[in-house]
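Structure assessment
Residues per chain are reported as follows:
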Amino acid sequence: MDLTHSPEEEEFRARLREWLAKVLPTLPPKPSPGDWPARRAYDLGWQRMLYDAGYAGLHWPVDAGGRGATPTQHLIFLEETEKAGAPYVGANFVGLLHAGPTIAAEGTPEQRARWLPPVLRGEEVWCQGFSEPDAGSDLASLRTRARRDGDTYVVSGSKIWTSHAEVADWCELLVRTDPDAPRHRGITWLALPMDAPGVTVRPLRTLAGSAEFAEVFLDEVRVPVANRVGAENDGWRVTMVTLSFERGTAFVGEVVACRRVLGEIAREARGNGRWDDASLRRRLGRLNAEFRALWRLTQWNVSEAMGAPPLERGREWGSTGGVPGVGGSVFKLRFSHARQELYDAAADVLGPRALDLDRPWVLERLSSLSYTIAAGTSQIQQNIVAERILGLPKGR
């Protein structure tokens, strides 16, 4: 990837900055962190503003409703919105970063036309129904069953850690459609309407006091066969597409945010005298180098995704591929730990104030503990790197 910016890209940056400076002061106050219905409305309102201005799905292919922007334009957008303090995707992150790209890559024309425009316009929210109480990191051992009955599937089972299920319209749901097949071959990817009879959502409260996760119970829920993305029993391959997006490009904006937070930590340390500690300065300097390297890896991964060949699938995401490669696992593995180290350093700078839950860094430190689990544990990422990049034999 050419790391210099062309005149056209700098013009794009200037227009974006001008637009952000104009619209951000018009936003209403952010709702309470625990009020997810209000946060849904706030996040979707921002998404609609992006859509109206032509910035929604910036890097999505044109035939999926996006603008087909270059990798550099995508990264410029993420840099500038984060620097300006613009809202994050929030409750819309599964639809924009996971389900939407998967449907764009794997869905039929009818499915793309039905589900992608509402995501981009800020009209519908998706959640992710992958993990189960007895099938967390070992996703292929999931037990939620789907029995074919004519033109519907009848689904029973449960999911856990379902992000934003309490405010979602749709769920990207993994089910077992062939219990006798090898465990990686009997899985199917379905789009579940969350208002279907038999769906029960029970919010879960996290260590930080928030409730963005939930348990979802499915009791004889009928899902149209037309809601299946990919072929029956081919859901594991489709899931690998979803996870490639989740690990490869979904955390891009957070790298920019971590670099901003690192600067804030350094300013705080200078103000309270902690900057005199040479070991702390070395620690922050190493983190600065770490996040700069992660940003370069991000640029590589995004560029690779935009020019990647299909991941053994029937359709490409646009004309250039679009599915991230295994470099996403390298990024996810290191970023998860670097983010924890960042907020550990913040706690050291804050001292006793690190126990004050009203401070944003404190809540972020608590949430950072989940990053080595979310989107595949660090152990899973290590296995992927060992087997698919280094060529080592599979562990027993």
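Details of the structure are given in the entry above.
Here we summarise the structure given alongside this text. (Residues numbered from 1 in each chain as written. Predicted model: local features only at pLDDT ≥ 70, side-chain atom pairs only at ≥ 80, totals over all residues. Heavy atoms only, no water.)

Overview of the packing of aromatic side chains
One pass over the full model with this rule turns up eight aromatic pairs. Centre to centre, the rings of Tyr-55 and Phe-77 are 6.0 Å apart; their planes meet at 25°, and the pair counts as stacked. Of the two residues, Tyr-55 is situated in the loop between helix H2 (36–53) and helix H3 (71–83) and Phe-77 in helix H3; the sequence distance between them amounts to 22 residues. The same class applies to Tyr-55 and to Phe-77, which are both buried. Measuring from ring centre to ring centre gives 6.0 Å for Trp-161 and Phe-213, while their planes differ by 90°; the resulting arrangement is edge-to-face. One end of the pair, Trp-161, is in the loop between strand S3 (152–159) and strand S4 (170–176); the other, Phe-213, is in strand S7 (residues 213–224), and 52 residues separate them in sequence. Assessed through its relative accessible area of 22%, Phe-213 is described here as partly exposed. Three or more aromatic residues joined by ring pairs form one cluster here, namely Phe-12, Trp-19, Trp-46, Tyr-55 and Phe-77. For the cation-ring pair, Arg-39 lies above Trp-36, with the distance from its terminal atom to the ring centre recorded as 3.8 Å. Taking NZ or CZ as reference, Arg-148 lies 5.6 Å from the ring centre of Tyr-153, over its face. (Phe/Tyr/Trp six-rings, centres within 6.5 Å; stacked < 30°, edge-to-face > 60°. Helix = DSSP H or I, 4+ residues; strand = E, 2+ residues; numbered from the N terminus. Buried < 20%, exposed > 50% of the residue type's maximum accessible area, 1.4 Å probe, protein only. Lys NZ or Arg CZ within 6 Å of the ring centre and 35° of its normal.)

Digging into the side chain of Glu-132
As for its placement among the helices and strands, Glu-132 is situated in the loop between strand S1 (126–129) and strand S2 (145–149). At a separation of 2.7 Å, a polar atom in the side chain of Glu-132 contacts the main-chain amide nitrogen of Arg-143. Reaching out from Glu-132, the side chain makes a polar contact with the side chain of Lys-159 at a distance of 2.9 Å. Dropping the residues within four chain positions of it, Glu-132 is found in contact with Leu-142, Arg-143, Thr-144, Ser-158, Lys-159 and Ile-160. (Polar contact = N/O pair within 3.5 Å; in protein donor to acceptor, adjacent residues only side chain to side chain. Contact = heavy atoms within 4.5 Å.)

Quick notes on the environment of Cys-127
Tracing the backbone through its elements, the reader meets Cys-127 in strand S1. Of the residues examined, Cys-127 reaches a relative accessible area of 0% and is grouped as buried. Each C-alpha atom of the pair Cys-127 and His-98 lies 9.4 Å from the other, and the pair is 29 residues apart in sequence. Those residues in contact with Cys-127 that sit more than four places away from it in its chain are Val-94, Thr-162, Ser-163, His-164, Ala-165, Ala-168, Trp-170, Cys-171, Glu-172 and Met-194.

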